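Residues per chain are reported as follows:
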Amino acid sequence: MQSLESYDLFDPAIAEDPFEYYAVLREQAPVYRMPSGMWIVSTHALCLEAIRDYESFSSKFVQKMSGGAVGADGNIVGPETLLSNDPPSHTFFRKLVNKAFSPMRVRKLSDSIRVIAEDLIGKLERGPERFDVVADYAVPLPLTVIADQIGVPRTHLDKFKQWSDASIVPIGGMATPEQLFESLQLTEELKSYLAERSKERIEDPKDDMLSDLVTARVDGERAIEIKEVVSILQQFLVAGNETTTNLIAATVQFLLQNPDQLAWVQRDRTLLANAVEEALRLETPTCGMWRVATRDVELGGTRIPEGSMVMLRYAAANRDEAVFENAEAFDVRRPNAKDHLAFGMGIHFCPGAALAREETRIGVELMLDRLDGLRLAPGNDFAHHPNMLLRGLKRLDVEFDPR
Ligand code: HEM
C-alpha cells in the first residue's frame, strides 16, 4: 500500500482508478489535508456530518474558488442560486425548483422519457448489431428529455449538446487554459439562449418544467428574475445531463459484466430500480462536492481551519464497509443500496434525483426488453473521462442479436 501523500486526486490515473486511494483514506485519515492544502472527507458518517452542518461547511465554493469574483449580480459565473449557495437565499431558489420538480411533473416526465427512449431504441434496432451505449443512447436520452422541458427545439439539439458539454469543462479541474476560454465563450452563448427561452415561457407558458419554474411563486416572496432562471437552468445542464448519461452507461456496464445479477433482474424486473441504486453507489457519477469551512471546525477529531476548501468525497463514502457489507460488489439485492450519498443529502439533495432514476430505469429496461442477447462487445477498455469531479465512461460498446 502506498503512502497517502503519494496519491494525487488530480492525477488522471487516480481519477481512472481511485478506489484503493479511497480505502487508504477511509482507514488512515478520513478527514485528510491533501498536499495541495485542500481537505478530503471519505467516510459515510463524516460526509453526512459535514453535509448536515451547513453553517460550518458552506456551499459557496464557486465564490471562494473565483477569489470573490462572484457577487450577487452579473459577473463571471452569474448569480449563485443553488449548488453554490447557502440559506437563506438558497432556500428561496430551492422552493421554486421543488415546484418545477413536483410529483405531477415527474409523473408526466416518465411518459416523455419512455417516448424518447423508444424512439432511440427503434433507431438502434434498425442499425448495426453493435453500438456505443454512451454516444448512441445514454447521451441523447437525458439531453432530449431536458431540452423538451425547457423549450429547445429538436433542430437545436446539436448546439445544445455542445453548450451543455462546455458548461462542465471548468468544474473538472483538468482543463487547459484554451479549453477554459472556449468553454467561457460557449457558456455566454448558452446564457443568452436560455434567457430567450425563459422570456418565451413567461409570455406564453406551456405544459413543461421551464413554465413551472418561471411562473412558480413562494408565498410572500418576489418573483424569480430571468438571470436567476438562467443560472438554475445552467445547473440543470451541468448537474443533470452528463451525470445521467454516466449513470445509464454504468448501469448497463455493471449488469452486463455480472451475468448472475443480470439474470436476477431478468427474472424480477422490480430489482432493476435497486440495480440503478447499486450503479449510483459504485460509480457515483458526481464523485464529491466542495464545501468551505466558515470557521475553525472539528470533524472526526480533526481540526479544519476557517477558509479551508473541503471535498466531501461521496464516491469514497459509498464504498464504506461500515455501511455497506462487501462494499466493492455489485449486488442488485443489497437491502440498503439506497443509503448511498450519490445524490448528496440534506438541503442540497439533488432535486433531479427522481428524474435521473426514472431515465435510467426506463432507459435500461427498454434496452433489455428490445435488444435480444444484449452483451458487451469485444474490445471495451472501460476507460473514463479524466475528471476529478464527474465519473463517466468514454464509451461502452455492446452487441445484440437482430430479430
Ligand atoms: C445521476 C444523475 C445525477 C447525479 C449523480 C446528481 C448528483 C447531485 C449531487 C451529489 C448533488 C448535491 C451536491 C451537494 O452535496 O452539494 C446534486 C445537486 C443538484 N442537482 Fe443533481 N445529480 C444528477 C441528476 C440531476 C438532474 C437530472 C438534475 C436536473 C435536471 C440535477 C440538478 C441538480 C441541481 C440543480 C442541484 C443543486 C441543488 C441544491 O444545491 O439545492 N441533477 N446533484
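The coordinates are above.
Once a new chain begins, its residue numbering starts again from 1 and follows that chain's sequence as written. Where local features are concerned, this predicted model is filtered to residues with pLDDT of at least 70; where side-chain atom pairs are given and counted, the filter is 80 or more; whole-chain, interface and lining totals use all residues. Based on all heavy atoms of the structure, the side-chain values leave hydrogens and waters out of the count.

Colleague: Just give me the short version of the overall build of the chain, but keep the residues and values in it.
Modeller: Helix and strand labels come from DSSP, where a helix needs a run of H or I of at least four residues and a strand needs a run of E of at least two; each type is numbered from the N terminus. Along the backbone of the chain there are 16 helices and 10 strands. To get the radius of gyration, use the C-alpha atoms; to get the globule rule, take the number of residues to the power 0.38 and multiply by 2.2 Å. Computed over C-alpha atoms, the radius of gyration of the chain comes to 21 Å, within 12% of the 22 Å expected from 2.2 N^0.38 for 403 residues, which places it in the range of a compact globule. Seen through its principal axes, the chain has C-alpha atoms that stretch 65 × 60 × 40 Å. The cut-offs for exposure are 20% and 50% of the maximum accessible area for each residue type, with area from a 1.4 Å probe on protein chains only; residues under the lower value are buried, those over the upper are exposed, and the others partly exposed. Residues classed as buried in the chain amount to 55% of the 403 residues present. Here, two residues are considered to be in contact whenever any of their heavy atoms come within 4.5 Å of each other. When contacts within the chain are restricted to residue pairs at least 6 apart in sequence, long-range pairs at least 24 apart make up 70% of them. Carbon and sulfur atoms provide 53% of the accessible area of the chain, an area that totals close to 17300 Å². Put simply, the chain has 45 plus and 62 minus side-chain charges, and the middle of one group is 4 Å from the middle of the other. Accessible surface area values rest on a Shrake-Rupley calculation with a 1.4 Å probe, where residue burial reflects the displayed protein chains alone. Counting rule applied: Lys, Arg positive; Asp, Glu negative; His and chain ends not counted. Note on charges: their place is set at NZ of Lys, CZ of Arg, CG of Asp or CD of Glu.

Colleague: Could you give an account of the coordination of the iron atom of the ligand, naming the residues involved and the relevant values?
Modeller: A donor here means an N, O or S atom no more than 2.8 Å from the metal, or no more than 3.2 Å when the metal is Na, K or Ca. Since water is not included, a site may seem to lack partners. For the iron atom of the ligand, the sole protein-derived donor is C350 (SG), lying 2.3 Å away. Along the chain, C350 falls in the loop between α15 (314–317) and α16 (353–370).

Colleague: Account for the environment of Y21, naming residues and giving values.
Modeller: As for its position among the elements, Y21 is in helix α2 (residues 19–28). The class for Y21 is buried, based on a relative accessible area of 1%. Placed 17 residues apart in sequence, Y21 and L4 show a C-alpha to C-alpha distance of 7.6 Å.

Colleague: Any details on the site of the ligand? Residues and values, ideally.
Modeller: Not every one of the 26 residues close to the ligand is listed here, only the nearest: H90, R94, Y314, H348 and C350. The separation between an oxygen atom of the ligand and a polar main-chain atom of L82 is 3.2 Å. In protein, a polar contact requires one atom able to donate a hydrogen and another able to accept it; more generally it is a pair of N or O atoms within 3.5 Å, and residues adjacent in sequence count only if both atoms are side-chain atoms. H90 has a polar side-chain atom sitting 2.7 Å from an oxygen atom of the ligand. Going through the elements one at a time, α5 (89–100), α12 (226–257) and β5 (289–293) are the ones with two or more residues in the shell around the ligand. In terms of residue count, α12 provides more of the shell around the ligand than any other element does, 6 residues in total. Polar here means any residue outside two lists: the nonpolar Ala, Val, Leu, Ile, Met, Phe, Trp, Tyr, Cys and Pro, and the charged Asp, Glu, Lys and Arg; Gly therefore counts as polar. Across the shell around the ligand, the residue classes tally to 16 nonpolar, 8 polar and 2 charged. We call a residue near a given molecule or strand whenever any one of its heavy atoms falls within 4 Å of it.

Colleague: How would you explain the pairing of β5 if you had to name every residue and give the values?
Modeller: For β5, the tally of buried residues reaches 5 of 5 residues, placing the bulk of the element in the interior. Residues of β5 alternate between two faces, with M289, R291 and A293 on one and W290 and V292 on the opposite face, all of them buried. Direction of pairing for strand β3 (residues 57–58) relative to β5: antiparallel, over a ladder of 2 bridges. The residue of β5 that forms the bridge with S58 is V292. With 4 bridges joining them, β5 and strand β8 (residues 309–312) adopt antiparallel strand pairing. When the bridges of β8 are listed, W290 appears paired with M311. In this scheme, strands are said to pair when DSSP sees at least two bridges between them.

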